[in-house]
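A look at the structure
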Amino acid sequence: LVGSDSTNCTQHSGGWSPQVTDRHPWLQLDLRDRIEVTAVATQGRYGSSDWVSGYLLLFSDTGRAWKQYRQEDGVGRFVGNVNADGVVHHKLSHSIRGRFLRFVPLDWNPSGWVGLRVEVYGCAYKSDVADFDGRSSLLYRFNQKSMSTVKDVISLRFKSRQAEGVLLHGEGQRGNYITLELHRARLALYLNLDDTRLRFSSGRVAVTLSSLLDDQHWHSVLIERFNKQVNLTVDTHTQHFRTKGEGDSLEVDYELSFGGIPLPGKPGTFLRKNFHGCMENLYYNGINIIDLAKRRKPQIYSGNVTFSCSEPQLVSTTFLSSSSSFLSLPATLSASGGFAVRFQFRTWNPDGLLLSTRLALEPQRLELQISNSRLWVISTVPERTCEVNDGLWHSASLSSRGLQVTMTLDNEPSSTMELGDHMEAGDSLYFGGCPSLNVSGCENPTLAFQGCMRLFSINSQPMDLNLVHQGRLGDYKELQFDTCGIHDRCLPNFCEHGGQCSQSWSCFYCDCSGTGYTGATCHNSIYEASCEAYRLTGSSSGYFSIDPDGSGPLAPTLVYCNMTENKVWTVVTHNSTDPVRVQGSTLQKPYIMKFNYSASPEQLLALVSGSEQCQQEVMYSCRKSRLFNTRDGSPLSWWVDQGGERRTYWGGFLPGVQQCSCSLEENCMDMNYFCNCDADTDSWSNDTGVLSYKEHLPVSEIVIGDTNRTGSEALYRIGPLRCYGDKSVWNAASFYQESSYLHFPTLQAELSADISFYFKTSAPSGVFLENVGLKDFIRVELSSPFAVTFSFDVGNGPVVLAIKSHVPLNDRQWHYVRAERSVKEASLQVDQLPLRFLEAPSEGHLRLRLNSQLFVGGTAARQRGFLGCIRTLTVNGVTFSLEERAKMTPGVSAGCPGHCSGSSSLCHNSGRCIEKNSGYVCDCSQSAYGGPSCKEEVSVSFNRESSVTYTFQEPFSVMQNRSFQASSVYRGNSRAGENMAFIFMTTQSPAMLLTVSTFSQQYIAVILARNGSIQIWYHLHVDRRPDVFSPRPSSLADGRLHRIRIHREGKDVYLQIDKDMNLKYSLSPDTEFISIKSLTLGKVTVDTMDEEVMQAGSKGFIGCLSSVQFNHMAPLKAALLNRASSLVSVRGHLVESNCGALADSTIFHSQSGEESRMGPLRNASQSNYAVIGGVVSAVVFISLCVVAVMTRFLYQHRQARRDASIKEKEHRTNLETAYRREAAYRAEPAYRTEFHLHDSHSSTLNDNREYYI
């Protein structure tokens, strides 16, 4: 045993205890040989109050270059003792193979001192080792010309001194090859089977895994291949993939090479950089290659390979703190009067001071620093062209002669600069940072360096850091000697859904741009789960991206949402929606059509299973083309369902029976048959119907086999898949016994979990859900009438997030709760209250280990149960069926009583339904609409001088800076996007529609350009040109109503114009954080905007604006109802209008037209011409009626507008009087909550009364 103070320990001393003066104590064990260590145990010093409560464990082969042992989840800290006598065992999740162990105390008894007794468990470790010096190789020659295998197993362990080098290579003449190499300290595997096109081409794709493999420590590699399936394992990380090529066997000619790729016939001459380091236990399909080489077997050529591993003295030092770490070394000028400094460094951080020294003329200094990921010399500031925060080793040298300084980075050309003064002889060189006492004027520019350094050389003299560690040379603070503590936090990659991982020294970040997801780990979908959910947010018909499984693995899909009917229909199209004529098919050679939908089979399954009902129209017209009319009853035509099963029932009938709808309706043209087509007549017949058994939908394939006879013909059309309803929205359960609960399988929430639901209750407290493990747990509960609590423990101690409301939450109204936990952070949301965020520790356990059932509405102890209703419980995108479990559970009932508990939409456009004793009310405060059901548009006519400005009470953050994503303060006060929606009508251009301004001269503007086309301006960088999006050149200043919806998530901007245009744009990278100051509708006179925007702003807006929504704010509504508020500023004259009603009417008719375009079919049956003629006549008659009604409506509307213009002044006076009268009813002057009371006993809406609270 050796201690950090170089004193030996004996059994008589009762254990090891360092001297009190030791700054960084450690205890080192020499096991005399390499041992495979499987467990360790610690104990305090005998008969004392000295023990260690937390420590690090390091290991080494040589006693110099150390590596920290990390447990599962990357946790480096071991929990120690709580007294001097107890023994704490730790079984290692993966064994250590080494000779030396070092225990580094982190915490100890505060009433005593450091005291340790240790025990190590393991066994002897033997291996065959080979040393490659960069010029050597091992060649394994086959007994025959080539070796062809369908199964390979290759295993080895290596440690490398360089970031590049070939470990293994073999190739064949047919284009087969296998190459395993180090590239940028990552392991890359190239593998190809029988494809000569990819041989040595630049298009070769490597499978890469792991990182930081040049750390001079052992790493294990395992390659397992069977046919095209390959598993690549490096240490504890495995990647599965499928090889390129056409064959299943790997054919390698002559030999396999280890350590490089030799030229043919010239062993030892390499085409690529060869390996420099050691390998051990190298096996190829069970053959010990190194053992054969040691025994000098003839099939092995061992050029310059030795069989013991040489250990270079490349000892690193870790700079632990980004604020206080530094290393100072004396700087003496050379005999020529100059100086030369050389060292190597590696880091993840984009900023940090590398070197600082004083010049003769104070306070001037010469500094070498990393800034914005690049290397700078501070004087004339020449910027380097490559990034240096990539985690790789970089070599930097700085030398001076006279007033000239030369800097060299890696192998790049040197750069020279002129100094203003000579360097002061005898001063110190500060590496990595400056002392806190500001010695010699040294100050950290931004951050100190956080990373590793090694190979210090001053004036060609190597610096011995052991002397520094012993206090005999220079000075230091917050350093860890003889080890490089760099850790890849992007391995494994915790960014979900394709998010890109980047990192600093202490944490990682996820770039979710373009993924369709957001959050710290790209976990949360930015899209709604269904068309029903879009309707509840106030959307109208159009194309929308939906994500049925939310945060689950399925990607979003684009669908058409038809919201013109009472039911909201989700429409998914496929590749063949037009009628198709079929001839010449038989059972032996049938006609087959496979349908490719705009969604994947997995997405379709999620959509169908989450919908209340689905259907698909099948039109089948026939002439001498039968469906089932055969002697043995076997079908002649059929269709295939979504599961690949053949179905022989047709539209309108039930599954399992070979019949058509006419049989069910008893109106087949020949009652001897169950389908019209089976009558087999020469005239056209029709068996059209709707498939409505949703478990079989959609139709994936149709097969027609009886159109090969004379005169035989068929015409079919498969309509789009149409589904309505969202089973998850109103799936509810009522808990009326405190001891009752629902139980579900264990949560699958090791690394991430999002839980969301609605609840209503009158009870003061209760547990919503709970899941526990041996020590870990997760729980969401109503902890008091005013607070919701989210708590969990993943092994780092309990974490509690709580949100307190200023109003009671047990008010028998629905409240929304969403709790999320990831390896990055945890969050809690309740209704529209401010979100609560809490960062996860950078060093700690990550996995939530649960083993019990999930309890909903109670706990396993049957205590603190929830009394009330819970609905729409969703975990990681999966909605739990509360109603089904409730039907079989005592104390719980399916559904929830009350007017606001059904699937019928009582309140529209984001209106909130609130229960009352005698009915319900709609809270329209979060909606841009008003009226009893939040359906009445709030519309205003503007003139050139009119404007409405809504000022936010406090900075309202809507953008985010990627470099601050980890800040809990930042996350708690910011949004990642905004939602804007409005309807307008005008004939003016240019015109200003909407402006959002900030406190820092940034803005968002929506304008009409000179040609009437709409433009969206995002000016988020003061020193850059704005992002301008112009969707289409056609004019929107056409006197018609247009609906605009703008949604931004991160740097992705989604734009919807009316119903038929859905576009996506991307903002410039590095979007800056902005804080909203105000939102203005109409004229803007500020001069801080771009010229084209200012010109539109000066022209104002002449026309009608309706239903303006910005996130949860309705500024136009606030202007009408809260004109006296200090937050609302109105200039010019505003006249209340009814243009919004025209919007709904126009959109209704246009959407009906859209649906009709998707639906009609041309019937080929001549016998149906009369029917078609009748239908055409009816359509013409209805059209004439509609034209007459619309003509009268437009005439009345024009007359109303003329009357309004005559009486405008009187109308405005009446409006102002009404505003003052309504202001008297307001309790809050800023923004009142709008309610409309619905009496359940009232027979008509005309009897409803409106209350403003």
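Quick notes on the rules
Residues numbered from 1 in each chain as written. Predicted model: local features only at pLDDT ≥ 70, side-chain atom pairs only at ≥ 80, totals over all residues. Heavy atoms only, no water. Helix = DSSP H or I, 4+ residues; strand = E, 2+ residues; numbered from the N terminus. Buried < 20%, exposed > 50% of the residue type's maximum accessible area, 1.4 Å probe, protein only. Contact = heavy atoms within 4.5 Å. Areas by Shrake-Rupley, 256 points an atom, 1.4 Å probe, with all protein chains shown as cover. Pairing = 2+ DSSP bridges. Axes fitted to C-alpha atoms, helices over the stretch in contact; angles between N-to-C directions. UniProt positions renumbered as here; feature names shortened; annotations may be inferred. Phe/Tyr/Trp six-rings, centres within 6.5 Å; stacked < 30°, edge-to-face > 60°. Disulfide = S-S within 2.5 Å.

1. A few points about the overall build of the chain
Within the chain one finds 12 helices and 90 strands. Taken over 1253 residues, the chain has a buried fraction of 53%. At a minimum sequence separation of 6, the contacts of the chain that also span at least 24 residues come to 69%. Entry remark: accessible area of the chain is about 56,000 Å², with carbon and sulfur atoms responsible for 50%.

2. A few points about the sheet that holds strand 84 (residues 1061-1066)
Strand order across the open sheet formed by seven strands is 84-83-82-77-86-75-88, with antiparallel pairing between neighbours. Because the sheet does not close on itself, it has two edges, and the strands there are strand 84 and strand 88 (1134-1137). Averaged over all pairs of adjacent strands, the angle between their axes in this sheet comes to 25°, without regard to strand direction. In the sheet, strand 75 (residues 939-942) pairs with strand 88 via four bridges, with the strands oriented antiparallel. If you follow F942 over to strand 88, its bridge partner there is L1134.

3. Notes on the UniProt feature "domain: EGF-like" (unreviewed entry) in the chain
UniProt's entry tags residues 486-523 and 897-935 with the feature "domain: EGF-like" (unreviewed entry), counted in the numbering of this structure. Regarding residues 486-523, the helix share stands at 0% and the strand share at 26%, and the terminal C-alpha atoms are separated by 27 Å.

4. Quick word on the packing of aromatic side chains
Taken as a whole, this structure holds 36 aromatic pairs when the rule is applied. Both rings, one in F735 and one in F866, keep their centres 6.2 Å apart while their planes meet at 70°; by these two values the pair is edge-to-face. You can see F735 sitting in strand 57 (residues 732-735) and its partner F866 sitting in the loop between strand 67 (854-856) and strand 68 (868-875), a full 131 residues away along the chain. Look at F866 and you get buried, because its relative accessible area is 0%. Seen in terms of ring centroids, Y741 and F855 are 4.9 Å apart; in terms of plane orientation they differ by 80°. Their pairing is edge-to-face. One end of the pair, Y741, is in the loop between strand 57 and strand 58 (742-744); the other, F855, is in strand 67, and 114 residues separate them in sequence. Pair check on accessibility: Y741 and F855 agree, each one buried. Here the aromatic residues F319, F343, F345, F431, F449 and F456 are joined through ring pairs into a cluster of three or more.

5. Considering the side chain of H1019
Turning to its location among the elements, H1019 is positioned in strand 80 (residues 1014-1019). On the accessibility criterion, H1019 (9% relative accessible area) is buried. The residues touching H1019, leaving out its near neighbours within four places in the chain, are Q1002, Y1003, R1024, P1026 and D1090.

6. A few points about the state of the cysteines
Per the stated rule, a full pass over the model turns up 13 disulfides. Between the sulfur atoms of C614 and its disulfide mate C723 the distance is 2.0 Å. Judged by the torsion about the S-S bond (110°), the C614/C723 disulfide is right-handed. Residue C614 is found in strand 49 (residues 613-623), and its partner C723 is found in strand 56 (residues 721-724); the two are separated by 109 residues along the sequence. You can call C723 buried: its relative accessible area is 1%. The partner cysteine of C622 in its disulfide is C677, sulfur to sulfur 1.8 Å. Here the S-S torsion is close to -105°, and the disulfide linking C622 with C677 is therefore left-handed.

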